[in-house]
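Here is what each chain is made of, one letter per residue.
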Protein chains: 2
Amino acid sequence: MESSVLISEVGPRDGLQSVSTTMPIEHKLCWIDALVAAGVREIEVGSFVSPKLLPQMADTALVVEHALRHEGVTVMALVPNLRGAQTAFDAGVHKITLPVSASKAHSLANVKKTPQEMVQEIHTIVSVRNDLAPNVQIEAGISTAFGCTLQGIVDEDEVVALAKALVDAGVDEVGLSDTTGMANPAQVRRLFNRVRDVIGQKTGAAHMHNTRGLGLANCLAAYDVGVRTFDASLGGLGGCPYAPGASGNVVTEDLVFMFEAMGVNTGINLEKLIAAREPLRIGLPTESLYGMTPEAGLPKGFVQEFVNV
Amino acid sequence: MESSVLISEVGPRDGLQSVSTTMPIEHKLCWIDALVAAGVREIEVGSFVSPKLLPQMADTALVVEHALRHEGVTVMALVPNLRGAQTAFDAGVHKITLPVSASKAHSLANVKKTPQEMVQEIHTIVSVRNDLAPNVQIEAGISTAFGCTLQGIVDEDEVVALAKALVDAGVDEVGLSDTTGMANPAQVRRLFNRVRDVIGQKTGAAHMHNTRGLGLANCLAAYDVGVRTFDASLGGLGGCPYAPGASGNVVTEDLVFMFEAMGVNTGINLEKLIAAREPLRIGLPTESLYGMTPEAGLPKGFVQEFVNV
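What you see is a predicted model; the values in this text were computed from it and never measured. (Residues numbered from 1 in each chain as written. Chains lettered and ligands numbered in written order. Predicted model: local features only at pLDDT ≥ 70, side-chain atom pairs only at ≥ 80, totals over all residues. Heavy atoms only, no water.)

J.: Explain the packing of helix α6 (residues 115-132) of chain A against helix α7 (residues 156-168) of chain A to me, please; I cannot follow it from the model alone.
T.: When two helices pack together, you describe them by how their axes are tilted relative to each other and by the distance separating the axes. Residues and elements named next belong to chain A. At a minimum axis distance of 9 Å, the contact between α6 and α7 shows a crossing angle of 20 degrees. Between α6 and α7, the crossing angle belongs to the class labelled roughly parallel. In this structure, α6 meets α7 at a crossing whose hand is right-handed. Here P115, V119 and I122 of α6 come into contact with α7, specifically with L162, A165 and L166. (Axes fitted to C-alpha atoms, helices over the stretch in contact; angles between N-to-C directions. Helix = DSSP H or I, 4+ residues; strand = E, 2+ residues; numbered from the N terminus. Parallel < 35°, antiparallel > 145°, perpendicular 65-115°, else oblique. Left-handed = near helix turned anticlockwise from the far one by under 90°. Contact = heavy atoms within 4.5 Å.)

J.: Sorry, what's going on with the packing of helix α4 (residues 82-91) of chain B against helix α6 (residues 115-132) of chain B here?
T.: All names here are of chain B. Running from amino to carboxyl end, α4 crosses α6 at an angle of 25 degrees, the nearest separation of the two axes being 9 Å. It follows from the interaxial angle that α4 and α6 lie roughly parallel. For the pair α4 and α6, the crossing hand works out as right-handed. From α4, L82, A85, Q86 and F89 reach across to α6, where they touch E121, T124, I125, V128 and R129. Its residues assigned to classes, the contact of α4 with α6 comprises five nonpolar, two polar and two charged. (Nonpolar A, V, L, I, M, F, W, Y, C, P; charged D, E, K, R; others polar.)

J.: What is the right way to look at the side chain of D178 of chain A in this model?
T.: Residue and element names in this part refer to chain A. One can find D178 in the loop between β7 (173-177) and α8 (185-199). A polar atom in the side chain of D178 sits 2.9 Å from the backbone nitrogen of M182. Filtering out sequence-adjacent residues up to four positions away, D178 remains in contact with F146, A183, H207, M208, H209 and N218. (Polar contact = N/O pair within 3.5 Å; in protein donor to acceptor, adjacent residues only side chain to side chain.)

J.: Could you clarify how one ought to interpret the pattern of salt bridges in this entry?
T.: Working definition: two side chains of opposite charge can pair if their charged atoms are close together. Counted according to the given criterion, the structure contains 30 salt bridges over all chains. With its nearest N and O atoms 2.8 Å apart, the salt bridge here joins D224 of chain B to R189 of chain A. Linking D224 of chain B in helix α9 (residues 215-224) with R189 of chain A in helix α8, this pair reaches from one chain into another. Residue class for R189 of chain A comes out buried when judged on its relative accessible area of 18%. Look at the salt bridges and you will find they share partners, linking E156, D157, R190 and R194 of chain A into a network. (Salt bridge = Lys/Arg side-chain N within 4 Å of Asp/Glu carboxyl O. Buried < 20%, exposed > 50% of the residue type's maximum accessible area, 1.4 Å probe, protein only.)

Geometric descriptors of this kind do not, in isolation, establish any biological role.
Okay, structure coming up:
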């Protein structure tokens, strides 16, 4: 095997919060169980945000409780602030992820704070974590790292400086998110390299969107420069409101197919992963699911030699 | 600019012969004119095959005649055999492309000849070219180079040997085609490197399909190992019959966006390229067009600095 990667499934959070329908909790749990059965080892199961803002996520504590029953699975939740972090610690998550926008305009729109205010908030969250939940990992995901629909181009120097500030604030890893689907492979390689030069091993996941069809190419580019954790969403759930019909997040099934075909071990059984679309479809019967590999099927002669699931 | 690439538009051939409707010639010509206006410098405008087999291509000689009026555009046609090559030479094409399958099963199904018999045929075609049309370039495209839906895995040694045999038969370049959408980036890098080791500068285009969503990632992989010519189809026309809803060829619009965003010059104006979908849509009103970039639009702040069209 050339190498291994960790596929971090974000559909139950990023996907479900992007659709207007709320998936009933029993379907969420079935879906998560199916993901685990396929070998998925890290799942962002929800977010701890105001249920007024995102009613789809109101049951996240219960979802966490269920997900924690699966041995060996890292249970993650997104939190936008200290209050969310405290609730997440109480719920017993293994890992929280905090969105920090490199674009000031997007940051204000998304979390009503400047990037600098978010760094300050995270500093406090790290202190609380150190005191009350020392085993919980803290990831910061730099949103709009590759461009912003509000301000356009995002200065790479600012992204690098923000990554450094976040590590100084005490986070365990910093990922880079192409929230708006504006990244290209050359930029992905350059920016991950620059960030790694400054924060080293704390460089985290690539979170790519497929808005302009470059999702997998950007993941390949990130892999080429040493990224080994990739966010993805089953069925490409997580649409971009301004891109009708365009799938949002990178499709987990296609990403896993790409890596497994390359001989890069994901630990995920593709047939079982494709089967995990069924509980998703049942739980969200009105949503379109994306993914080319599920439609085309696995190629004739394709064998996943190193998967034990 | 990091580099330049040549985008070879295959939609008028690969796309139109894959759909059951025949596009009326006046629409074909409008579409080709729009592609040229966008800066496309090489177009596979049709194929010289029996009109009984492919009535969609019956007017190829007239399409060639029209396309030849555009200065600086390489007018290509696909030919499956000597007879087609002679008709193409008579029509005045700049370049012919010959499909040679690495898979014996696919070769027999596609052209009713073994790969070896095709090499022999091409040997004859090269002689005729040398005598009657010495300025016409001859490309061989190795189909099913990365896998075959009939026989499954295709031996890489056989692909390399076939490339060598084709160069020995006198072709000017040999491309590699992922006819069935089974390629992955590691394999693309490995196989192009191996072929280049043997035939050097005669290594030609990457012709990738998007059947499993890896089209752009595979083009990126090919670019990384020095490939500078890429086949693509406007609107992703050229569906795969066994993959319903899956676009076939790599979408030209997305591929050009990827390269231009990377700072790699295609010479193609993206807005005009997206506008070229309109004559395609008018000419084929019942077909679905694919492409994420046209749906999402160009990113805010995106500028094509080096395009003069």
